[in-house]
Amino acid sequence: MSAPAIRGWCPGAHRPMASGDGLVVRVRPPLGELTAAQAQGLAAAARANGNGLIDLTNRANLQLRGVSEARHEPLLEHLSRLGLLDQEAETEGRRNIVVNPFRGGGSDDPQTQIAADLADALRAPEFAPLPSKFGFVVDARPQRSLSEISGDIRIEASGNGLIVRADGRDNGQDAGDPQAAVELALDLARWFIASGGIGADGRGRMARHLAAGATLPANLSGDVPPNRATQMPGAGPHSGGLLVATGFGQLAPEDLEALADFGLPVLRLTPWRMIFLPEIADPEVLAGHATLLTDPSNPLLRVHACAGAAACPQSSVETRALGRNLARGLPPDASLHISGCAKGCAHPRAAAFTLVGRDGQFDLVTNGAPWDEPIRHGITPGQVADIIDG
């Protein structure tokens, strides 16, 4: 079997990615927020232009699946009417910012201000060379929530102040106020471009650049540590609101419409493939929606699975139906990752059990990632449950 193809870029709305079930169109809501009207409109857009499936991503974005070539342009028009489309693909690709979903409300919130100012500044042509996977993380609360979220330039809190930290470095540079933090983050991006952080193939990441020997200038390095990090939150009440999950981070239009019906000012997308409902803390409000999950002990939330065969041309195995079946017998506290190929898109880290598709069968990795050495090869789908239970 040949190695899986590494794309090296992320889809967008203007620049979708072809998959087994049609085009994958990524929507990047500004600040990771949707109004109720936008959520309703996206549900309608998924029905009219795709196969109805909506994926939550680990960059706090959404992806509409199954879009045909003929429906791509009508979908872009729909997104534009909703205020969810950048004018140009290049601008869209640079707006790669994850902001803490538990921040305060309103435009005067410091993290909201930072993220909005960053997004505006990154439209400038000087930042056009930045790779499509190069990203910013705004995580400036008393305790960091996004420490495990990929990002090349991080704006964080240290005590009561702000720092800007290059990914790959433990400490950052004192930044002062939000406006100064934005300017310092932009200077760090300028340095990355000018210092050769981008390869001939257009790719590049900050941590890799520093590990290869690049030296930060004194005004960008700093020795100020960020605030303590917390564990990744689970579904349920959190920070005065409610984190809502779905199986495999996939929504049906009805799911999005149900969340929009609460009439909240915004729904916040999170990089944990969940949606945060500010100011709603009672899980019982979703008791009638079986696909919207708020119980962190639900075993389905410990199963990670990519789109699998048919939806992805690199996968030779079905993944999600198998994942739902295996969730019922998954040992307590164990995690399961079913990856259609060795890329591990759904969960690029270790799990207690990792099944890797290969020529219609599975290899099994224990306490590892899809690219680690399997302990067994050639397991048929029918044998998987007995092997994991045993």
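Above this text sits the structure in question.
**Student:** Just give me the short version of helix H8 (residues 253–260), but keep the residues and values in it.
**Tutor:** Counting buried positions over the 8 residues of H8 gives 6, a clear majority of the element. By the burial criterion, the buried members of H8 are Pro253, Asp255, Leu256, Ala258, Leu259 and Ala260. Residues of H8 that are buried make contact with helix H1 (36–49), strand E4 (54–56), strand E12 (241–244), strand E13 (250–251), strand E14 (267–269) and strand E15 (275–278).

**Student:** Which residues make up the nonpolar core, and what values do they have?
**Tutor:** One finds Leu42, Leu64, Ile275 and Leu277 to be the most contacted residues of the largest nonpolar core, which totals 36 residues. Ranked by residue count, the leading element in this core is H1, at 5 residues. Not counting chain neighbours up to four residues away, the residues in contact with Leu42 comprise Val27, Leu34, Ile54, Leu62, Leu64, Leu79, Leu82, Leu84 and Leu256. By size, the runner-up hydrophobic cluster in this structure holds 34 residues, among which are Val99, Phe127, Leu188 and Trp191.

**Student:** Please provide a residue-by-residue account of the pairing of E15, values included.
**Tutor:** Every second residue of E15 is oriented toward a common face, with Ile275 and Leu277 on one face and Phe276 and Pro278 on the other, all of them buried. Here E12 pairs with E15 via 4 bridges, running antiparallel. Note on E15: the bridge partner recorded for Leu243 is Phe276. In this structure, the hairpin formed by E14 and E15 is closed by a connection of 5 residues, where Arg273 is found at a positive phi of approximately 55°.

**Student:** Outline the packing of H1 against H8, supporting the account with residue identities and numerical values.
**Tutor:** Where H1 meets H8, the closest approach of the two axes is 8 Å, and the angle between their N-to-C directions is 165°. Relative to H8, H1 is oriented roughly antiparallel. Relative to H8, the crossing made by H1 is left-handed. Residue-level inspection shows Ala36, Ala39, Gln40, Leu42, Ala43, Ala46 and Arg47 of H1 in contact with H8, the latter providing Pro253, Glu254, Leu256, Glu257 and Ala260. Across the contact of H1 with H8, the residue classes tally to 8 nonpolar, 1 polar and 3 charged.

Thresholds applied
Residues numbered from 1 in each chain as written. Predicted model: local features only at pLDDT ≥ 70, side-chain atom pairs only at ≥ 80, totals over all residues. Heavy atoms only, no water. Buried < 20%, exposed > 50% of the residue type's maximum accessible area, 1.4 Å probe, protein only. Helix = DSSP H or I, 4+ residues; strand = E, 2+ residues; numbered from the N terminus. Contact = heavy atoms within 4.5 Å. Core = buried A, V, L, I, M, F, W, Y, C linked by side-chain atoms within 4.5 Å. Pairing = 2+ DSSP bridges. Axes fitted to C-alpha atoms, helices over the stretch in contact; angles between N-to-C directions. Parallel < 35°, antiparallel > 145°, perpendicular 65-115°, else oblique. Left-handed = near helix turned anticlockwise from the far one by under 90°. Nonpolar A, V, L, I, M, F, W, Y, C, P; charged D, E, K, R; others polar.

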